[in-house]
Amino acid sequence: MTLGLDTRLTLLAAGLIFLLALVLGAWKYHGMRTSPDHLAHPYVDIAHRSALMYAFATLLVSVFVELSDWAGAVNATCAGILVFFFVAAIGSYIVHGARRDTTNQFARPDAALRVSMIALTVGEIGAFAVLLAGFVAGQLV
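This section reports on the structure supplied with the text. (Residues numbered from 1 in each chain as written. Predicted model: local features only at pLDDT ≥ 70, side-chain atom pairs only at ≥ 80, totals over all residues. Heavy atoms only, no water.)

## Let's talk about helix α1 (residues 5-34)
In plain terms, the rule: Secondary structure follows DSSP: runs of H or I at least 4 residues long count as helices, runs of E at least 2 residues long count as strands, and numbering of each begins at the N terminus. Under the convention used throughout, the expected extent of a helix is 1.5 Å for every residue step, that is, one less than its residue count. The buried label goes to any residue with under 20% of its type's maximum accessible area, the exposed label to any with over 50%, and the partly exposed label to all in between, with areas taken from a 1.4 Å probe on protein chains only. What makes two residues a contact is simply this: any of their non-hydrogen atoms within 4.5 Å.
Over its 30 residues, α1 runs 44 Å from end to end, which matches the ideal 44 Å to within 8%, given 1.5 Å per residue. Taken as a whole, α1 has its buried residues at Asp6, Thr7, Thr10, Ala13, Ala14, Ile17, Ala21, Leu24, Gly25, Lys28 and Gly31. At its buried positions, α1 is contacted by α2 (42-67) and α3 (72-99).

Now the structure itself:
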């Protein structure tokens, strides 16, 4: 079986995000081992769990990329948008975990957070909708 470049890149992203999740798990363990309450900072925990979740979400995206009827560039762009927002979310959790500056980033949201969340929502839903439509066009119609 020969996978398209768009699929191979998406699978690579899934693997890299999973590797990041494993590293974040070590950071989480360190926090649990060294804190008086044996809990990692909430955002270290969130970063670890979200990286695990997003690794498998990216793996799922790779299936839709491979089975989509759209051009490779369209599929790669949609997958790239999804991966960008997945990694950006993990990155923001890492920053909050490292800074230990909040336990809820939405407690005092600023304009940048609001704009980011709108972009994330539109980007993720839109990009996946395009991939899903490509799957339907290629596999069901």
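## With respect to the packing of aromatic side chains
Note the following rule: Any two rings among Phe, Tyr and Trp, with Trp reduced to its six-membered ring, count as a pair given centres within 6.5 Å; such a pair is stacked if its planes are under 30 degrees apart, edge-to-face if over 60, and tilted if neither.
By the definition in use, this model includes six aromatic pairs. Geometrically, the ring pair formed by Tyr54 and Phe86 is stacked, given 4.4 Å between the ring centres and 15° between the ring planes. Here Phe86 lies in helix α3 and Tyr54 lies in helix α2, a separation of 32 residues in the sequence. Their ring planes at 75° and their centres at 5.1 Å tell us that Phe64 and Phe128 sit as a pair that is edge-to-face. Taken together, the residues Phe64 in helix α2 and Phe128 in helix α4 (residues 111-140) connect sequence positions 64 residues apart. Residue classification places Phe128 among the partly exposed residues on the basis of a relative accessible area of 26%. Three or more aromatic residues joined by ring pairs form one cluster here, namely Phe64, Phe128 and Phe135.

## Looking at the packing of α2 against α3
Rules: Axis definition: a line fit to C-alpha positions, over the contact stretch in the case of helices; interaxial angles, taken between N-to-C directions, run 0 to 180 degrees. Oblique is the label for any angle not covered by the other classes, which are roughly parallel (under 35 degrees), roughly antiparallel (over 145) and roughly perpendicular (65 to 115). Basically, the charged four are Asp, Glu, Lys and Arg, the nonpolar ten are Ala, Val, Leu, Ile, Met, Phe, Trp, Tyr, Cys and Pro, and anything else, Gly included, counts as polar.
Here α2 crosses α3 at 175°, and the two axes come no closer than 8 Å. Accordingly, the angle class assigned to the pair α2 and α3 is roughly antiparallel. Judged by residue contacts, Tyr43, Val44, Ile46, Ala47, Ser50, Ala51, Tyr54, Ala57, Thr58, Val61 and Val65 of α2 engage Asn75, Ala79, Leu82, Val83, Phe86, Ala89, Ile90, Tyr93, Ile94, His96 and Gly97 from α3. Its residues placed into classes, the contact of α2 with α3 shows 17 nonpolar, five polar and no charged.

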